[in-house]
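For reference, the chains in residue letters:
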Amino acid sequence: MVKVDGRELAWREGMTVADLLGELRDPYPYALARVDGRAVTRHEFDKAPVPDNAEVFLVHLVVGG
Amino acid sequence: MATFTAREMKRFGYEKPLIEKGYANQTLYVNLSDRDIAVRPVTEQMKEVFVGGKGFDLWLLWQAVRGSTRWNDPENALCIASGPLGGTPIYPGSGKSIVTSISATTGSVMDSNVGGYFGPYLKFSGFDALAIQGKSKVPAIVFIDGIEQRVHIFEAAGLPGEAHEISALLTDYFGGGEPKDISVVTTGPGARHTLIGCLNFSWYDQARSRSRLKQAGRGGVGTVFADKGIAALVVRWHTVTVSSNNPADLSALKKVARLHSRDVVEQDPKQNHMSSVGTAHLVTIMNDYDLLPVRNYRYGSHPDAAAMGEDVFRGLFDKGFDGCWIGCTLSCAHGVKDFVPVSGPYKGQKVFVDGPEYETIAGCGSNLGIFDPLFVVEMNFYCDTYGLDSISVGTGIAFAMECFETGLITTAHTGGMDLSFGNRESALALLHQMATGEGFGAVVGQGVRRMKEIFSRDYGADLAVMSDIGMEAKGLEFSEYMSKESLAQQGGYGLALKGPQHDEAWLIFLDMVHNFIPTFESKAEALHWFPLFRTWFGLCGLCKLPWNDVTPADNKETPEPAKVMKHVEWYAQYFSAVTGRKALPEDLIAMSEKVYTFQRIFSLKMGFGRRVHDTIPYRAVGPVTVDEYESRADRYDGQLKDIYNLDVEGKETREKVRILRRLREERYERLKDAVYERRGWTEDGIPTLDTVRRLGIDFPEVLEVLKAHGVA
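Presented here is a report on the structure given in the accompanying data block.

Criteria and cut-off values
- Residues numbered from 1 in each chain as written.
- Chains lettered and ligands numbered in written order.
- Predicted model: local features only at pLDDT ≥ 70, side-chain atom pairs only at ≥ 80, totals over all residues.
- Heavy atoms only, no water.
- Salt bridge = Lys/Arg side-chain N within 4 Å of Asp/Glu carboxyl O.
- Helix = DSSP H or I, 4+ residues; strand = E, 2+ residues; numbered from the N terminus.
- Buried < 20%, exposed > 50% of the residue type's maximum accessible area, 1.4 Å probe, protein only.
- Polar contact = N/O pair within 3.5 Å; in protein donor to acceptor, adjacent residues only side chain to side chain.
- Contact = heavy atoms within 4.5 Å.
- Buried area = accessible area lost by both parts, 1.4 Å probe.
- Nonpolar A, V, L, I, M, F, W, Y, C, P; charged D, E, K, R; others polar.
- Axes fitted to C-alpha atoms, helices over the stretch in contact; angles between N-to-C directions.
- Parallel < 35°, antiparallel > 145°, perpendicular 65-115°, else oblique.
- Left-handed = near helix turned anticlockwise from the far one by under 90°.
- Pairing = 2+ DSSP bridges.

### Observations regarding the pattern of salt bridges
Residues and elements named next belong to chain B.
- The final tally for this structure, using the stated rule, is 53 salt bridges over all chains.
- Between Arg-212 and Asp-322 there is a salt bridge; the shortest N-O distance is 3.1 Å. Of this pair, Arg-212 sits in strand S12 (residues 210-216) while Asp-322 sits in the loop between helix H10 (310-316) and strand S14 (335-339); the two residues are 110 residues apart in sequence, bridging distant segments of the chain. Comparing Arg-212 with Asp-322 shows no difference in burial state: the two are buried.

Below, the structure is given as structure tokens:
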């Protein structure tokens, strides 16, 4: 199981951030995700692993500056 | 070392007014030439038109200077203000001060915002703003004692040279055993020997038992300070409570403050981790999106950027509360404890370094081709304590390095120094030379605009090439974002009133990452709204980071997520609760538009403020060199084909560079047209008569300036 923005989602072996977004069917153009606190940018979504029991936050806008 | 002494030269007693709805309703005037000290009233019209903070500063500065006033004339004024919401201890980010003056690098109006306690303490001591004119022939300390209700001018002797030592010494000297009551404004030796001097504003970190520093960096305000013979400004105040501003509606204030504070506490750990890494979180994000300046903005990324990522700085930063004002839950002003520099006067000694933030990491790191976090920490330390703007230092050295690597200058000009990108020893050596005013560092410390003039005139360097790669506009060095792929950010930099500082519009992500502003019209609208909303923070004494560096959980569901409207609504409620002036979100924009437009006309008064002054170097717009083009050839070829319908088959890179340049420069000019129209300005970038009348800033002296420039 992984937690995504507080919601539970079933985990599977080899899951990536891109896979997780596909499961959610969330089309929002997230620029950043935090996987157990680690920052992952969009470029890494299809490579960045999501471990079992991970806590993931999808950062919908990084505005800053 | 000589013992510090402070000999009183003038004493002025005053009656501290009650703060009413965020205002002291008076300002303090000090003239260092004749040691005149006076209290001047704040009128209702001032509050209505200028609100406070930067607005008050600009009005005071406007009255002090003529169009011909130069930065080092005695009549130039250094103005510092908080704002009506400044000093609130329960709302995140409520401790900012704004400094304005005629800039040493641009010759025009400069404003720079800074944390620390000075502005709020100044207000609670009885003054919404401070204006200093004249020059002292001896090192002067202006001490505003809000507790005793006296202003003193002291002649200082035996002060140390560096800012962190001056702050510590004067905090102890004037604190009377209560160092938390003191805030000190200082600069350092670098400000006396360069045009890019900064100011340090202190607060006393009780948990760490030391003075901490934030900087008003841009535009040489520290150089103006040093030129006036000011050794330090000191303010003393004691109790700060939620009632200190005497808000119109205390209950409403507490309610909205709780909402925003809680939002920060809940969301920051899920988003940018500002409370543990500050703006250092941006380094790898900018790198991944090809927006991190590398080697004088030639490139946008580098494989070694992760060496300066947030995890590294999380490990370096000392843990603890790091708010630069009381009660801020974002608490992002981090520092490195017990750092041991490897160079300079503090080599081998343990020091505390306030920072680094993203700008210094990028400017004094990646932009120099250096990816060593400890090097960046050392540059940060010396920039602050020498009183030097770390953005101008970084962008300036980056320019010198590219000139060196391309043979525009040689070791014959640099005093034998190898200024190849990546050379840490040379970068540090330049910084130390800036502090002493010696060697090639003294030349670099003149800033990019003057370096171009010097290199061309004295070294025979090609001015046309340097005009393309010298990253300054209006005389101010660019801050640390690679704008060449973002038309919106080109506008954000080029159309900024004071020069290319991102505090007016940071649109790079909206443009490049999210494609939220694809059309000219949407970019023009963004370049209207965002600079105005960001201006509003400076009118009120607020930091903008709690607005959009942390966003509500449901922000993405809102119609305009980039504006973070829930927070904007809270800010409107905050303003209403303190001042009693009912405000909706659109009213905040209206407030700012008056001051923003006034500042543009002020630039015009000083001989700037026209379309030609909104020009930016081509390095900020597109690839200057064949190498830059070929580093992103797929992207540029694709754009020429897909956007401009050009067949690039068989064309040499040199020709493609030339074609793309023409297209991009035309595009930037069309953006100017769209933005000027949206802002109610002429094609030459001057506010129209209709606009100034609509905004209620059609004062006789404003109309005179417009008339002199053909707008009547």
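More follows now that the structure is in view.
### A closer look at the side chain of Gln-489 of chain B
All names here are of chain B.
- Tracing the backbone through its elements, the reader meets Gln-489 in helix H19 (residues 487-494).
- Accessibility expressed as a relative area gives 0% for Gln-489, which makes it buried.
- Among the polar contacts listed, one links the side chain of Gln-489 to the backbone nitrogen of Ile-508, at a separation of 3.2 Å.

### Describing the interface of chain B and chain A
- If you look at the interface, chain B gives 30 residues, while chain A gives 21 residues.
- When chain B packs against chain A, close to 2300 Å² is buried across both sides, 58% of that on carbon and sulfur atoms.
- Summed over the shared surface of chain B and chain A, the result is 2 salt bridges.
- Put simply, Asp-26 of chain A and Lys-556 of chain B hold a salt bridge, and the shortest N to O gap is 2.9 Å.
- Mapped onto the side of chain B that touches chain A, the elements with two or more residues apiece are helix H9 (282-288) and helix H20 (508-512) of chain B.
- When the residues that make up the side of chain B that touches chain A are grouped by side-chain class, the tally is 14 nonpolar, 9 polar and 7 charged.

### What to know about the packing of helix H24 (residues 585-605) of chain B against helix H29 (residues 700-708) of chain B
All names here are of chain B.
- In the contact formed by H24 and H29, the axes pass within 10 Å of each other and the chain directions differ by 55°. Regarding the angle of H24 to H29, the classification is oblique. Crossing geometry of H24 relative to H29 is assigned as left-handed. In contact with Phe-598, Ile-601, Leu-604 and Lys-605 of H24, H29 contributes Val-702, Val-705 and Leu-706.
- Along the lines of polarity and charge, the residues of the contact of H24 with H29 split into 6 nonpolar, no polar and 1 charged.

### A look at the pairing of strand S5 (residues 97-102) of chain B
Residues and elements named next belong to chain B.
- Among the 6 residues in S5, 6 count as buried, and that is most of the element.
- With burial as the criterion, each face of S5 is covered, one bearing Ser-97, Val-99 and Ser-101 and the other bearing Ile-98, Thr-100 and Ile-102.
- The sheet contact formed by strand S4 (residues 78-81) and S5 spans 3 bridges and is antiparallel. Bridge pairing links Ile-80 to Val-99 in S5.
- Of the strand pairs in this sheet, S5 and strand S6 (residues 109-114) are connected by 6 bridges, and their pairing is antiparallel.

### Quick notes on unusual backbone geometry
All names here are of chain B.
- Put simply, Gly-355 and Pro-356 share a cis peptide bond, and its omega is 0°.
- For Pro-356, the location among the structural elements is in the loop between strand S15 (351-354) and helix H11 (358-363).
- Phi at Asp-290 takes a positive value of approximately 60°, unusual for a residue other than glycine.
- Taking the relative accessible area as the measure of exposure, Asp-290 reaches 9% and is therefore buried.

### A short note on the environment of Gly-491 of chain B
All names here are of chain B.
- Inspection of the secondary structure assignment puts Gly-491 in helix H19.
- According to the relative accessible area criterion, Gly-491 is buried, its value standing at 1%.
- For the pair Gly-491 and Cys-324, spaced 167 residues apart in sequence, the C-alpha to C-alpha distance is 31 Å.
- Once you skip the residues sitting within four places of it in the chain, Gly-491 turns out to touch Ala-496, Leu-527, Tyr-668 and Leu-671.

Shape descriptors only; they carry no functional weight alone.
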